[in-house]
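# Notes for the structure review
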Amino acid sequence: GLLGDKAAVPALLTALTSDASPLVRGRAAEALGLIGDPSAAAPIGALVSGVVASGALASVHADDMGWPLAPDVEAFRLGVYALVRLKAADVLLPAILDADGRPRSGWWPVAFALRRTDDPRTYEMFTAGRTSGLFQFKSDGMRDILKRFKPDRLEHLTALNALYRPGPMAMI
C-alpha cells in the first residue's frame, strides 16, 4: 500500500508481533510510526523492551553508526524512532530508562529519542546529570553544565550540545 495507508495497520501489527525476523518486526514498527497509529505504541514498546532485555545493546558503542547492524539492534533503532514519531513517551521511557531514570544504553538513537521526548521525566534526567554513557551528554563536564543550567526544553539541550566545544566553552 501507499506510505501512511491505515488499511495496512492490521497486517503490520501482525508482522510486528508475530514474525520471526527482527528486521521484519523493526520495519513494521517503522511503518506503523510513519502511519501514526497510536494503537501501535504498546506492541512497538514490547519490541524495544525485548531487545533491551536480551542484552543485544551491550556490545553497541555509544556512537556506533556501523552498518550492517545486528538485526535485533536495527529493530530496536527503528522501534525507538517509531515511538518518537508516535509521541509515545509513556511507552518509550520505561523501555529505554532503568528504574533510577538512567538510560539503559548510551547508543546514539537513545540520546536522539530522549532529546525529542517532551516529557518532564526526560528533563529531570538531564537536569540531574543522570546521563553517564549517553552519547554527547556523558562527560563529567557536560553533566556539570546540565545540572547548573537545568534545561527544560529541546532548544536548551540543543544549545548546550552545540556550545560544549573547546572554543565556546568560555561563554557557558
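Notes on the structure in this doc start here. Note that the structure is a prediction, hence the values are computed from the model and not measured. (Residues numbered from 1 in each chain as written. Predicted model: local features only at pLDDT ≥ 70, side-chain atom pairs only at ≥ 80, totals over all residues. Heavy atoms only, no water.)

## Section: the overall build of the protein
Each helix and strand counted, the protein has nine helices and zero strands in total. Its helices and strands taken in sequence order, the protein reads α-α-α-α-α-α-α-α-α from the N to the C terminus. Counting over 172 residues, the protein shows a buried share of 45%. Looking at the protein alone, contacts between residues at least 24 apart form 56% of all its contacts between residues at least 6 apart. Across the protein, the 19 positively charged side chains and the 18 negatively charged ones have centroids separated by 5 Å. (Helix = DSSP H or I, 4+ residues; strand = E, 2+ residues; numbered from the N terminus. Buried < 20%, exposed > 50% of the residue type's maximum accessible area, 1.4 Å probe, protein only. Contact = heavy atoms within 4.5 Å. Lys, Arg positive; Asp, Glu negative; His and termini not counted. Charge placed at Lys NZ, Arg CZ, Asp CG, Glu CD.)

## Quick look at helix α2 (residues 22-35)
The terminal C-alpha atoms of α2, which comprises 14 residues, lie 20 Å apart, in line with the 20 Å expected from a rise of 1.5 Å per residue. Within α2, burial applies to G26, A28, A29, L32, G33 and I35. Where α2 is buried, its residues touch α1 (9-18), α3 (41-54) and α4 (71-85). Looking one or two residues past α2, G36 carries a phi angle of roughly 85°, positive in sign. (Expected span 1.5 Å × (residues − 1).)

## Let's talk about helix α7 (residues 120-127)
Buried within α7 we find T122, Y123, M125, F126 and T127. Along its buried surface, α7 packs onto α5 (89-96), α6 (108-115), α8 (140-149) and α9 (154-163). Among the residues trailing α7, G129 stands out with phi positive, at a value near 75°.

## Topic: the packing of aromatic side chains
Under the criterion given, the structure shown has two aromatic pairs. Note on F126 and F137: the rings are 5.1 Å apart at their centroids and 75° apart in plane angle, and the pair reads as edge-to-face. Pair noted here: F126 is in helix α7 and F137 is in the loop between α7 and α8, with a separation of 11 residues, a long-range link. (Phe/Tyr/Trp six-rings, centres within 6.5 Å; stacked < 30°, edge-to-face > 60°.)

## A look at the environment of H156
Take H156: it is sitting in helix α9. As for H156 and R115, which are separated by 41 residues in sequence, their C-alpha atoms are 10.0 Å apart. Residue contacts for H156: discarding those within four places in its chain leaves F149 and P151.

## Some words on unusual backbone geometry
Even without being glycine, K87 reaches a positive phi, approximately 55°. Tracing the sequence through the fold places K87 in the loop between α4 and α5. Residues other than glycine seldom take positive phi values, yet K150 does so here, at roughly 55°. Mapping K150 onto the fold places it in the loop between α8 and α9.

## Brief notes about the packing of α4 against α5
One can describe the packing of α4 onto α5 by two numbers: an axis separation of 9 Å at closest approach and a directional angle of 145°. Read as a crossing pair, α4 and α5 show a hand that is left-handed. The segment α4 lies against α5, with F76, V80, L83 and V84 engaging V91, L92 and I96. The class makeup of the residues in the contact of α4 with α5 is seven nonpolar, no polar and no charged. (Axes fitted to C-alpha atoms, helices over the stretch in contact; angles between N-to-C directions. Left-handed = near helix turned anticlockwise from the far one by under 90°. Nonpolar A, V, L, I, M, F, W, Y, C, P; charged D, E, K, R; others polar.)

## Describing the environment of W107
By secondary structure assignment, the location of W107 is in the loop between α5 and α6. On the basis of relative accessible area, W107 is assigned to the buried category, the value being 1%. For the pair W107 and T127, spaced 20 residues apart in sequence, the C-alpha to C-alpha distance is 20 Å.

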